[in-house]
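The primary structure of each chain is shown beneath.
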Amino acid sequence: MLSRAVTALFLTASLALAQNGDKPGEKQESRVPKDKIPANPPLAPEAALKTFKLPPGFRIEIVAADPLIETPIAMQWDADGRLWVVEMPSYMNTPTAEGELNPINRVSVLEDTDGDDRYDVKRRIIYGLDTADTHHTANSFALDPGGAIYFQEGTFHHSQVETPYGPVRQQNSGWFRFTPRTQRLISFGSYPSTNPWGVTFDDWGQHVASHPIYAAAFHSLDPKYPEQNAAPAGLRA
């Protein structure tokens, strides 16, 4: 019993200290000696390929690399073998996050035009997604049964995406649906979520999403067209 009591006291004290955070001016010492930390320099794609350790029967190849793509964070193939890539070059380029709010992040489509199994052409599709909070940024790209692409962004974001049909605006959490055939993008979000992270579709093709608050799952409907493209009142373009 005494051992259990001492253990509980130790854990309680540890948790309490963990919640205190760093004190002003406090210096964090590395728990691992610097001479024990291996060098991790940036590598060229071909050099990085040689560092992979694969099980027997597997192989790994380069299908796209710099300068064709830059800082990819998510990808999805379509039925034609094209690769849809989310590029986020503004994210954490320096320890102080300099330039993190630059509106240079994008969704691009890569194509292999000469049949060598390596992508050689890129088209920028969606440009203008907000980056105000990188942990709430555009995510969870998924194809619906009809071939449209759904993705979402969380709160604190104020996106304004230029499209052939005019600007599409979204603020403080919501969803986007992009139809490749028509190049049409719409925003929707009748459910007041905070930071949506998951999306799937039921047997009838209806969009079902989730967000971390109360682990809720919900179906968000498309509002009427004027509501999808409301006037930019209070929206920081």
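Just so it is clear, the model here is predicted, and its values are computed rather than measured.

A.B. asks: What should I look at first to understand a negative patch on the surface in this one?
C.D. replies: Judged by side-chain charge, D114, D116, D117 and D120 come together as a negatively charged surface patch. Within the secondary structure layout, D114 lies in the loop between β3 (106-111) and β4 (121-127).

A.B. asks: What's the story with the pairing of strand β7 (residues 158-161) in this structure? I'm lost.
C.D. replies: Moving residue by residue along a regular strand, the side chains alternate between the two faces of the sheet. In the sheet, β7 pairs with strand β8 (residues 168-171) via 4 bridges, with the strands oriented antiparallel. Within β8, the residue paired with S159 across the bridge is Q170. Taking the residues that link successive antiparallel strands as the turn, the β7-β8 hairpin has 6 residues, and the phi of G166 there is positive, at about 110°.

A.B. asks: When you look at unusual backbone geometry in this model, what are you seeing that I'm missing?
C.D. replies: Glycine aside, residues mostly have negative phi, and peptide bonds are mostly found in the trans state. Note that the residue after D66, namely P67, is joined by a cis bond; omega there is 5°. Its location among the elements puts P67 in the loop between α2 (45-49) and β1 (72-77). Its identity is not glycine, yet Q183 carries a phi of approximately 60°, on the positive side. Within the element layout of this structure, Q183 appears in the loop between β9 (174-179) and β10 (184-188).

A.B. asks: So what exactly am I meant to see when it comes to the sheet that holds strand β5 (residues 139-143) here?
C.D. replies: To summarise the sheet geometry, strands pair through backbone hydrogen bonds and adopt either a parallel or an antiparallel arrangement. Strand order in the open sheet formed by 4 strands is β5-β6-β9-β10, with antiparallel pairing between adjacent strands. The sheet is open, and its two edges are formed by β5 and β10, each paired on a single side. Strand-to-strand twist across the sheet, computed as the mean angle between neighbouring axes with direction ignored, equals 20°. Of the strand pairs in this sheet, β5 and strand β6 (residues 149-153) are connected by 3 bridges, and their pairing is antiparallel. Pairing of A142 across the sheet is with Y150, part of β6.

A.B. asks: Could you clarify how one ought to interpret the side chain of E153 in this entry?
C.D. replies: Within the element layout of this structure, E153 appears in strand β6. Side-chain polar atoms of E153 contact the side chain of S159, separated by 2.9 Å. Setting aside residues up to four positions removed in sequence, E153 forms contacts with D130, H136, T137, A138, N139, S159, Q170, S173, G174, F176 and P196.

A.B. asks: What's the story with the nonpolar core in this structure? I'm lost.
C.D. replies: The tendency in soluble globular proteins is for nonpolar side chains to be buried side by side. I126, L129, F151 and L185 are the most contacted members of the largest nonpolar core, which totals 16 residues. If you list the elements that add at least two residues to this core, you get β2 (83-87), β3, β4, β6 and β9. Beyond its immediate sequence surroundings of up to four residues, L185 is in contact with I126, F151, V161, T163, V168, F176, R177 and F178. With 8 residues, the next largest nonpolar core counts A148, V199, F201 and A209 among its residues.

The rules behind each value
- Residues numbered from 1 in each chain as written.
- Predicted model: local features only at pLDDT ≥ 70, side-chain atom pairs only at ≥ 80, totals over all residues.
- Heavy atoms only, no water.
- Patch = residues over 30% accessible without salt bridge, like charges linked within 9 Å, V, L, I, M, F, W, Y side chains within 5 Å.
- Areas by Shrake-Rupley, 256 points an atom, 1.4 Å probe, with all protein chains shown as cover.
- Salt bridge = Lys/Arg side-chain N within 4 Å of Asp/Glu carboxyl O.
- Lys, Arg positive; Asp, Glu negative; His and termini not counted.
- Charge placed at Lys NZ, Arg CZ, Asp CG, Glu CD.
- Helix = DSSP H or I, 4+ residues; strand = E, 2+ residues; numbered from the N terminus.
- Pairing = 2+ DSSP bridges.
- Axes fitted to C-alpha atoms, helices over the stretch in contact; angles between N-to-C directions.
- Polar contact = N/O pair within 3.5 Å; in protein donor to acceptor, adjacent residues only side chain to side chain.
- Contact = heavy atoms within 4.5 Å.
- Core = buried A, V, L, I, M, F, W, Y, C linked by side-chain atoms within 4.5 Å.
- Buried < 20%, exposed > 50% of the residue type's maximum accessible area, 1.4 Å probe, protein only.

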